[in-house]
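Topology and contacts: notes
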Amino acid sequence: MLKATLRNNQSLYQISTCSIIRLSSHAATTTQPQQAGPGHFGFYRQVELFYDRAAKILEEKLVNDMHKSKLSDDLKRKKVRGILKIIKPCNHVLEIRFPIRKDNGELHMIEAYRAQHSQHRTPCKGGIRYSLDVNLDEVKALAALMTYKCACVDVPFGGGKAGVKINPK
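All figures in this text were calculated on a predicted structure; none of them were measured in a lab.

This paragraph deals with the overall build of the protein. Tallying secondary structure elements over the protein gives 3 helices and 8 strands in all. Across the protein, contacts joining residues at least 24 apart in sequence account for 64% of those joining residues at least 6 apart.

At 3.6 residues per turn, the α-helix brings residues three or four places apart onto the same side. Over its 15 residues, helix 2 (residues 73–87) runs 21 Å from end to end, which matches the ideal 21 Å to within 8%, given 1.5 Å per residue. Among all positions in helix 2, only Lys76, Val80, Leu84 and Ile87 are buried. For helix 2, the arc enclosing every buried residue in end-on projection is 70°, short of the 170-degree limit, so these residues lie on one face. Exposed residues lying more than 90 degrees from the buried face of helix 2 are Lys78, Lys85 and Ile86. Those residues of helix 2 that are buried lie in contact with helix 1 (43–64).

Counted according to the given criterion, the structure contains 10 salt bridges. For Lys88, the salt bridge is made with Asp52, and the minimal N-O distance between the two is 2.8 Å. Of this pair, Lys88 sits in the loop between helix 2 and strand 4 (92–101) while Asp52 sits in helix 1, and the two are 36 residues apart along the sequence. Asp65 is paired through a salt bridge with Lys61; the nearest N and O atoms lie 2.9 Å apart. Connected via shared salt-bridge partners are Glu59, Glu60, Arg77 and Arg81.

Their axes nearest at 7 Å, the elements helix 1 and helix 3 (residues 136–152) cross at an angle of 30°. One finds that helix 1 runs roughly parallel with respect to helix 3. On the side of helix 1, the interface is formed by Phe43, Tyr44, Arg45, Val47 and Tyr51, while helix 3 contributes Asp137, Glu138, Lys140, Ala141, Leu142, Ala144, Leu145 and Tyr148. Grouping the amino acids of the contact of helix 1 with helix 3 by side-chain chemistry returns 9 nonpolar, no polar and 4 charged.

Moving on to the pairing of strand 5 (residues 107–116). Pairing geometry for strand 4 and strand 5, over 10 bridges, is antiparallel. Residue Ile100 lies in a different strand from strand 5, and its bridge partner there is His108. Following strand 4, the chain reverses through 5 residues before pairing antiparallel with strand 5; Gly105 in that reversal takes a positive phi of roughly 90°. Taken together, the 6 bridges between strand 5 and strand 8 (residues 158–165) define a ladder with antiparallel strand orientation. Bridge assignment links Gln116 to a residue of strand 8, and that residue is Gly160.

Residue position: Asp137 is located in helix 3. There is a polar contact of 2.8 Å between the side chain of Asp137 and the backbone nitrogen of Phe43. There is a polar contact of 3.3 Å between the side chain of Asp137 and the backbone nitrogen of Tyr44.

A separate point is the packing of aromatic side chains. Both the distance between ring centres and the angle between the ring planes are used here to describe each pair of aromatic rings. If you walk through the whole model with that rule in mind, you get 1 aromatic pair. On the basis of an interplanar angle of 20° and a centroid distance of 5.5 Å, the ring pair of Tyr51 and Tyr148 is categorised as stacked. You can see Tyr51 sitting in helix 1 and its partner Tyr148 sitting in helix 3, a full 97 residues away along the chain. In this structure, Tyr51 and Tyr148 share a single accessibility class: buried.

About the cut-offs
Residues numbered from 1 in each chain as written. Predicted model: local features only at pLDDT ≥ 70, side-chain atom pairs only at ≥ 80, totals over all residues. Heavy atoms only, no water. Helix = DSSP H or I, 4+ residues; strand = E, 2+ residues; numbered from the N terminus. Contact = heavy atoms within 4.5 Å. Expected span 1.5 Å × (residues − 1). Buried < 20%, exposed > 50% of the residue type's maximum accessible area, 1.4 Å probe, protein only. Arc of directions from axis to C-beta. Salt bridge = Lys/Arg side-chain N within 4 Å of Asp/Glu carboxyl O. Axes fitted to C-alpha atoms, helices over the stretch in contact; angles between N-to-C directions. Parallel < 35°, antiparallel > 145°, perpendicular 65-115°, else oblique. Nonpolar A, V, L, I, M, F, W, Y, C, P; charged D, E, K, R; others polar. Pairing = 2+ DSSP bridges. Polar contact = N/O pair within 3.5 Å; in protein donor to acceptor, adjacent residues only side chain to side chain. Phe/Tyr/Trp six-rings, centres within 6.5 Å; stacked < 30°, edge-to-face > 60°.

So this is what it looks like as structure tokens:
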């Protein structure tokens, strides 16, 4: 049981119910593409496909960059592929629902998501997106993209993102 207090227009409301829908690590996470029609993939699946293309292009360069290693070329390739497989999935995904009481006394359930894509470099960098259109697929995709953006500019952070399904106005 989680007790949280919200302040809204200078009136306090006590919330005593909070339900965690899903908490998983990357070992248990499976992604199902959200399909809107034939050949349509969800945002996160599109990011994964681009990651796969980039990994395939970079694999040979990464193997060649290990020239100082005493491993055989076959073992270098296996090591690079293993590292690329570790970096690809989201490490942690949290989906939560919690109630709020509106000014008119009505209870409303809010959905929220948090994804930490990669913790090979910590802490995880990312923000919170407030929108009625937020979904888990989008949050995971944005967390993954944050990881890749930080890696491209050599910022020592992993990628994270949160989303709250609420009208920000």
